[in-house]
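Spelled out, the chains give:
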Amino acid sequence: MNQTLFTVGPVEMYPETLRLGGVQLPYFRTEEFSRSVLSCEAAMQALVGAPAGARTVFLTASGTGAMEAAMINLLGEDDRALVISGGSFGQRFCEICEDDQVPYDAVRLQPGKSPEPAAYAESVLRNYSALAVNAHETSTGLLYDLRSMGLACRKAGVLFIVDAISAFLCDEVNMEEMGIDVLITSSQKALALPPGLSIMVLSPRAVQVAAARKVRSHYFGLAKYLKDGARGQTPFTPAVGVILQLKERLGAVANKGAAASIARAADLAAGFRASIAGLPLSIFPDRASNALTALSPTTDIGAYEIYSRLRAERGLVVTPNGGELRDRVFRVGHMGNLESSDLSRLASALEEILR
Ligand SMILES: *Cc1c(COP(=O)(O)O)cnc(C)c1O
């Protein structure tokens, strides 16, 4: 059976990405490859509204690698991070801090519930060196208010670290307007590329901190990446093929602008939510991202069973939840090469299963 992915990564890929996945890779210590990397850097920075003097690091690692790199390069043992933890990706920031011995405190939220602004007020942040948050907590579909967090960080003079892995190209994320110092994304979400490449955009202040820090990690020490990146190279063999696919994809996105990608995700999300409005499903988070719709069944059927039946009976692959949300929540992705007709098919299947 043909499958359609409404997942959170890998997602449905674009034809040109698939074509590029089938060609011989070039040797990469060349002027030509350096130019490709530098063009990806320029395109990324334009798409996220990076301030002048920002720099981009391309890490060959899944998104978690970039989250870890951000924490260990921006914070030392004399610093302290405040982590907003509203689900498994917020929890991941906490676990990174524990494993790497980065001092931290966490604001722990009920799943799907936004934090009170008082939790990250200027007066609170003054006790910390950085605030770390996932722009969109992908496990619950919750979109945080980055603008108000960034404003508080700016007032308190602390670094603002944003994992925008699943928000990039789906929700508005603008470094300059939102006061973001480190913006992280990765290849397998809305970019719809193979997994394996993570991208970090650093503000001039973050560059300064990272370039000066002696990190207890060889592979993830960003100073080397910043130095070699100035001429479009990486210290170690990068995911050469994914970078070339990224260059093509960023070109396609830049042609229309980031706002067009976000508007498209917003349209898909709004259309899908309207089409299931009559079904016994409620939208789980109190402030939903455009990247996906997290749904809770309001009848007897469990969320995991809905996922299993859609996949087995129809080849429609939504994203199940694990842990305590397994039977309460499933997620419908709106990222990648999906059309509104794909989401209509899914809405009809849901109607038949829930009828
Ligand atoms: C997908 C995702 C990640 C990265 O997970 P990896 O499996 O390491 O690629 C991190 N944060 C968020 C919010 C995500 O959605």
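If you're wondering where the values come from, they're calculated on a predicted model, not measured in any experiment.

Rules behind the numbers
- Residues numbered from 1 in each chain as written.
- Predicted model: local features only at pLDDT ≥ 70, side-chain atom pairs only at ≥ 80, totals over all residues.
- Heavy atoms only, no water.
- Pairing = 2+ DSSP bridges.
- Helix = DSSP H or I, 4+ residues; strand = E, 2+ residues; numbered from the N terminus.
- Axes fitted to C-alpha atoms, helices over the stretch in contact; angles between N-to-C directions.
- Contact = heavy atoms within 4.5 Å.
- Salt bridge = Lys/Arg side-chain N within 4 Å of Asp/Glu carboxyl O.
- Buried < 20%, exposed > 50% of the residue type's maximum accessible area, 1.4 Å probe, protein only.
- Near = heavy atom within 4 Å.
- Polar contact = N/O pair within 3.5 Å; in protein donor to acceptor, adjacent residues only side chain to side chain.
- Areas by Shrake-Rupley, 256 points an atom, 1.4 Å probe, with all protein chains shown as cover.
- Domains from an automatic or database assignment.
- Buried area = accessible area lost by both parts, 1.4 Å probe.
- Nonpolar A, V, L, I, M, F, W, Y, C, P; charged D, E, K, R; others polar.

(A) A look at the sheet that holds strand β5 (residues 130-134). Ordered by their spatial adjacency, seven strands build an open sheet running β2-β10-β9-β8-β5-β3-β4, and the pairing between neighbours is mixed. Single-partner strands in this sheet number two, and they are β2 (55-60) and β4 (104-108). Adjacent strand axes in the sheet meet at a mean angle of 20°, parallel and antiparallel pairs treated alike. Sheet topology note: the β2/strand β10 (residues 197-202) ladder contains six bridges and is antiparallel. What sits directly across from Val57, in β10, is Met200. On the sheet, helix α3 (residues 63-74) packs against β2, β3 (81-85), β5, β8 (159-163), β9 (182-186) and β10 and is oriented at approximately 160° with respect to β9. Contacts between helix α6 (residues 146-156) and the sheet are confined to β3, β5 and β8, with β8 contributing the most and set at about 155° to the helix.

(B) Focus on the pattern of salt bridges. A full pass over the atoms with the stated rule returns 13 salt bridges. Between Glu41 and Arg55 there is a salt bridge, with the nearest N and O atoms lying 3.5 Å from each other. With Glu41 in helix α2 (residues 31-47) and Arg55 in strand β2, this residue pair connects regions lying 14 residues apart in the sequence. Each member of the pair, Glu41 as well as Arg55, carries the same accessibility label: buried. Among the ionic pairs, Arg309 bridges to Glu313, the shortest N-O distance being 2.9 Å. Of this pair, Arg309 and Glu313 both sit in helix α12 (residues 303-314), four residues apart, which is roughly one turn of that helix.

(C) Structural view of the site of the ligand. In the vicinity of the ligand there are 13 residues, among which Ser62, Thr64, Thr138, Asp163 and Lys189 approach most closely. For the ligand, an oxygen atom lies 2.5 Å from a polar atom in the side chain of Ser62. Contact between the ligand and Lys189: an oxygen atom at 2.7 Å from a side-chain N or O atom of the residue. Bound to the protein, the ligand loses 88% of the 390 Å² it would expose on its own. Of all the secondary structure elements, the ones that give two or more residues to the shell around the ligand are α3 and α4 (88-99). In terms of residue count, α3 provides more of the shell around the ligand than any other element does, three residues in total.

(D) Structural view of the domain arrangement of the chain. Under the domain assignment used here, the chain contains domain 1 (4-10 + 258-354) and domain 2 (16-256). Each of domain 1 and domain 2 has a C-alpha centre, and these two points are 26 Å apart. The partner domain 2 presents 26 residues to the 24 residues of domain 1 that form the contact. In total, domain 1 and domain 2 occlude about 2,000 Å² of area from one another, counting both sides; carbon and sulfur atoms represent 59% of this. When residues of domain 1 are sorted by the area they lose upon contact with domain 2, Ala258, Asp286 and Arg287 head the list and together hold 26% of the total. Contributions of two or more residues to the side of domain 1 that touches domain 2 are made by α11 (258-275) and β12 (292-297). Looking at which element gives the most residues to the side of domain 1 that touches domain 2, the answer is α11, with five residues. Here the side of domain 1 that touches domain 2 is composed, by residue class, of 14 nonpolar, six polar and four charged.

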